[in-house]
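Structural characterization, general
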Amino acid sequence: MSVSEKAREVYLEAVREIRDSVPKIIINIGIAVLIWAFTKYVFVPISIGYQFMNIPLPQLISLVMLAAVAILVLGIIKEVFDIVDALAAYCAYELGARKGEVSEEEISNYKVGFRGFIYVIIVALLFLLFKDFLDVFHPVLSALVLLIVVIWSVLVLLRSGKAFSKIVEEYAAEWAKKLEEKAQ
Amino acid sequence: MSLKSKIFIYFILSLIPLSIALIMLKYRNLCMKYITALSDYLGIASDYIVPLIVITLFLLTIIFSALLIRTIVNTLLSQQEKKGEK
């Protein structure tokens, strides 16, 4: 099977994956955003100043909201993995089809690179959504989570950068070779 | 039950607790006064009644709005599939 045929097959697989996973992701993200908005703008303001069994009500409501959204996010993690992998494989084959060849290492590099970027974006968005609710528990908690997120993001982005740098190196070498040939 | 009526019922069921919560937010002091008077009349401590009402409204709102979104998206997807089949 030639690379372009394989690229077409991978493209169809990616489209199938997107068709399967995107509705579930949209539903869960929509529900999560709705819960977040109701909690932030309606239920936390109402509950300020009240306690339930000596626990401040805003904290209790934030805890319920965090638990609900955590369940929703866990429910779509597998779908997000599948989509990112499908897109990475498609990108690898698309570029490979132009070049005329594609190696397994290249595909795995694309997967590592894409996964890293997408994970960092998702975690950063989740942190932005939940920062206020973590502040409700304790201001230090939000700072601590931010510190962990920053360290983790740096490590993941370094890994992604390394994965992409291998691909960039290959292209740079190819380009240099072409330039050398032109000069001769 | 048809999908339209299902969507309508979920919409109403999510709108009722949400609108009660919004009214409580807008007329907070007045609502709390009435709830306290009612709980005193019933002989229940108002410290428990208000948080229970808020938590119940919160849970009802998120459950029914989640069901509403799920039903709407599933309906749209099934309609698209039917169009695709035609």
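In this numbering scheme, every chain counts its residues from 1 along its sequence in written order. For naming, the first written chain is A and the first written ligand is 1, with later ones following in the order written. In keeping with the predicted nature of the model, local features appear solely for residues at pLDDT of at least 70, side-chain atom pairs appear and are counted solely at 80 or more, and the whole-chain, interface and lining totals rest on all residues. Just so you know, side-chain values use all the structure's heavy atoms and leave hydrogens and water out.

1. With respect to the nonpolar core
The nonpolar core is taken to be a set of buried Ala, Val, Leu, Ile, Met, Phe, Trp, Tyr and Cys residues, with the residues joined through side-chain atoms within 4.5 Å. Summary of the burial criterion: residues with accessible area below 20% of their type's maximum are buried, those above 50% are exposed, and those between are partly exposed, where the area comes from a 1.4 Å probe applied to protein chains only. Ranked by size, the top nonpolar core spans 35 residues in total, and within it Ile 35 and Phe 43 of chain A together with Met 24 and Val 54 of chain B carry the most contacts. Broken down by secondary-structure element, the contributors of at least two residues to this core are helix H1 (3–47), helix H2 (57–99) and helix H3 (104–137) of chain A together with helix H1 (3–26), helix H2 (28–42) and helix H3 (46–85) of chain B. Comment: elements are numbered from the N terminus, with helices defined as DSSP H or I runs of at least four residues and strands as E runs of at least two. If one sorts the elements of this core by residue count, H1 of chain A sits on top with 10 residues. Here, two residues are considered to be in contact whenever any of their heavy atoms come within 4.5 Å of each other. Those residues within four positions of Phe 43 of chain A in sequence are excluded, and the remaining contacts are Phe 38 and Ile 61 of chain A together with Ala 21, Val 54, Leu 57, Phe 58 and Thr 61 of chain B.

2. Topic: a nonpolar patch on the surface
Patch construction takes residues with relative accessible area above 30% that form no salt bridge. Like charges are linked within 9 Å, and nonpolar side chains (Val, Leu, Ile, Met, Phe, Trp, Tyr) are linked within 5 Å. The protein chains shown are the only cover counted for residues, whose accessible areas, like all others here, come from Shrake-Rupley with a 1.4 Å probe. Salt bridges are defined as contacts in which a side-chain nitrogen from Lys or Arg sits within 4 Å of a carboxyl oxygen from Asp or Glu. Taken together, the side chains of Met 1, Phe 8, Ile 9, Phe 11, Ile 12, Leu 13, Leu 15, Ile 16 and Ile 20 of chain B make up a nonpolar region of the molecular surface, amounting to roughly 830 Å² of accessible area. Along the chain, the position of Leu 15 of chain B falls in helix H1.

3. Side note on the interface of chain B and chain A
The parts lose accessible area when they come together, and the size of an interface is often stated as this lost area. On the side of chain A, 25 residues touch chain B, which itself brings 26 residues to the contact. Both faces combined, the contact of chain B with chain A buries some 2200 Å², and carbon together with sulfur accounts for 85% of it. Where chain B packs against chain A, one counts 0 salt bridges. Here a polar contact is taken to be a pair of N or O atoms separated by no more than 3.5 Å, where protein atoms must pair a possible hydrogen donor with a possible acceptor and residues adjacent in sequence count only if both atoms sit in side chains. Counting across the chain B and chain A interface gives 3 residue pairs in polar contact (both at pLDDT 80 or more). At the level of elements, H1, H2 and H3 of chain B are the ones that each hand at least two residues to the side of chain B that touches chain A. If one sorts the elements of the side of chain B that touches chain A by residue count, H3 of chain B sits on top with 19 residues. Throughout, buried area stands for the accessible area (probe radius 1.4 Å) lost by two parts on being put together, summed over both.

4. A look at the packing of H3 of chain A against helix H4 (residues 139–183) of chain A
All names here are of chain A. Note on definitions: angles span 0 to 180 degrees between N-to-C directions of axes, and those axes are lines fitted to C-alpha atoms, for helices only across the stretch in contact. Orientation of H3 relative to H4, taken along the N-to-C sense of each, is 165°, at an axis distance of 9 Å. What the angle tells us is that H3 and H4 run roughly antiparallel. Of the two elements, H3 crosses H4, and the hand of that crossing is left-handed. The scheme is simple: roughly parallel for angles under 35 degrees, roughly antiparallel for over 145, roughly perpendicular for 65 to 115, oblique for anything else. Handedness of a crossing follows from how the near helix is turned relative to the far one, being left-handed for an anticlockwise turn of less than a right angle and right-handed for a clockwise one.

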